[in-house]
Amino acid sequence: MENQNPEESNRIIIPKLFYDSLNDAPFTNCLMCNRHLLMNPTTYLIEKAYRKNPVNGKKEIIFEYAICWNCISKFTESYSKKSMANITEYFNDNIVRRERSELMKIPEAWNKPDFFLSKCSIKGTPVKELDEYQVLGYFYGRFMTLDSPPFLFSGAVSDEILSILSEQTLDELDDFTGKYLTGPPEFSDFLRAPKRKPVILL
Ligand SMILES: [Zn+2]
């Protein structure tokens, strides 16, 4: 994906699912550099992690953030070569193929982000059946770009991704989590290694 304004035909206004849950409005600032994402548009990533509360079955947010293109680039440079190669291979083997084959069957899915977020993009498990999952989408200003469609991955996939990352990269992600994703105190244990981590991907 390139850092440029997406084609108008390939973008939609930001779905509420990707709003900042604190104020039920679009994210305004990059988590790392504080750049204003709406007034000073650039490509950015939003990631949210959810879990089903084991007591009442309600969906809860573990963490959420928006990060601008520049910061993502800088951050992923810190990933080890081995981790990057493994991540690329993992997604090439899984997500791309599945999405493409699904999309060929349902071409109108291109402007329906729900299509991509109704089940695990890799395992195909319906979201209703997942106790934990993460969603990622790519944005430009007030729009979601569908040049790189959003995706959802289950806790099982998150575990698989973490298992192919090098120790060095896991340390980088732990540093990021500790510095930026403190979140509500009740989830602090949940975020601590080796539990759920953000997966910052271009
Ligand atoms: Zn930034």
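Residues numbered from 1 in each chain as written. Predicted model: local features only at pLDDT ≥ 70, side-chain atom pairs only at ≥ 80, totals over all residues. Heavy atoms only, no water.

Colleague: Which residues make up unusual backbone geometry, and what are the values?
Modeller: At Asp24, a residue that is not glycine, the phi angle is positive and equals roughly 55°. Topologically, Asp24 is positioned in the loop between β1 (11-13) and β2 (43-52). Look at Asn34: it is not a glycine, yet its phi comes out positive at around 70°. Mapped onto the elements, Asn34 comes out in the loop between β1 and β2. (Helix = DSSP H or I, 4+ residues; strand = E, 2+ residues; numbered from the N terminus.)

Colleague: Outline the nonpolar core, listing residues and values.
Modeller: Membership of the largest hydrophobic core comes to 52 residues, with the highest contact counts inside it found for Phe18, Tyr44, Phe91 and Phe153. The leading source of residues in this core is strand β3 (residues 59-68), at six residues. Ignoring sequence-local partners within four residues, the contact set of Phe153 consists of Glu47, Cys120, Tyr133, Gln134, Leu136, Ser158, Ile161 and Val199. (Core = buried A, V, L, I, M, F, W, Y, C linked by side-chain atoms within 4.5 Å. Buried < 20%, exposed > 50% of the residue type's maximum accessible area, 1.4 Å probe, protein only. Contact = heavy atoms within 4.5 Å.)

Colleague: For the pattern of salt bridges, give the residues involved together with the corresponding values.
Modeller: All chains considered together, the criterion is met by four salt bridges. Among the ionic pairs, Glu60 bridges to Arg51, the shortest N-O distance being 3.3 Å. (Salt bridge = Lys/Arg side-chain N within 4 Å of Asp/Glu carboxyl O.)

Colleague: Give a description of the packing of aromatic side chains that names residues and reports values.
Modeller: Under the defined criterion, the tally for this structure stands at eleven aromatic pairs. Ring geometry for Tyr90 and Phe91: centres 5.6 Å apart, planes at 80°, overall edge-to-face. The pair formed by Tyr90 and Phe91 is uniform in burial state, with each residue classed as buried. Put simply, the rings of Phe63, Tyr65, Phe75, Tyr79, Phe176 and Tyr180 touch in pairs and so form one group of aromatic residues. In this arrangement the basic side chain of Arg11 is found over the ring face of Phe143, its NZ or CZ atom lying 3.7 Å from the centre. Over the aromatic face of Tyr50 sits the side chain of Lys59, whose NZ or CZ is 4.6 Å from the ring centroid. (Phe/Tyr/Trp six-rings, centres within 6.5 Å; stacked < 30°, edge-to-face > 60°. Lys NZ or Arg CZ within 6 Å of the ring centre and 35° of its normal.)

Colleague: Lay out the pairing of strand β4 (residues 132-140) with the relevant residues and their values.
Modeller: Most of β4 is tucked away: eight of the nine residues are buried. Summarising the sheet, β2 and β4 pair through nine bridges and their orientation is antiparallel. Each residue of the ladder has a partner; that of Tyr44, found in β4, is Phe139. Two elements, β4 and strand β6 (residues 151-154), share four bridges in a ladder whose sense is antiparallel. Along β6, the bridge assignment pairs Val135 with Leu152. Sheet analysis places β4 next to strand β5 (residues 143-145), joined by two bridges and oriented antiparallel. (Pairing = 2+ DSSP bridges.)

Function cannot be read off these values alone, since they describe shape.
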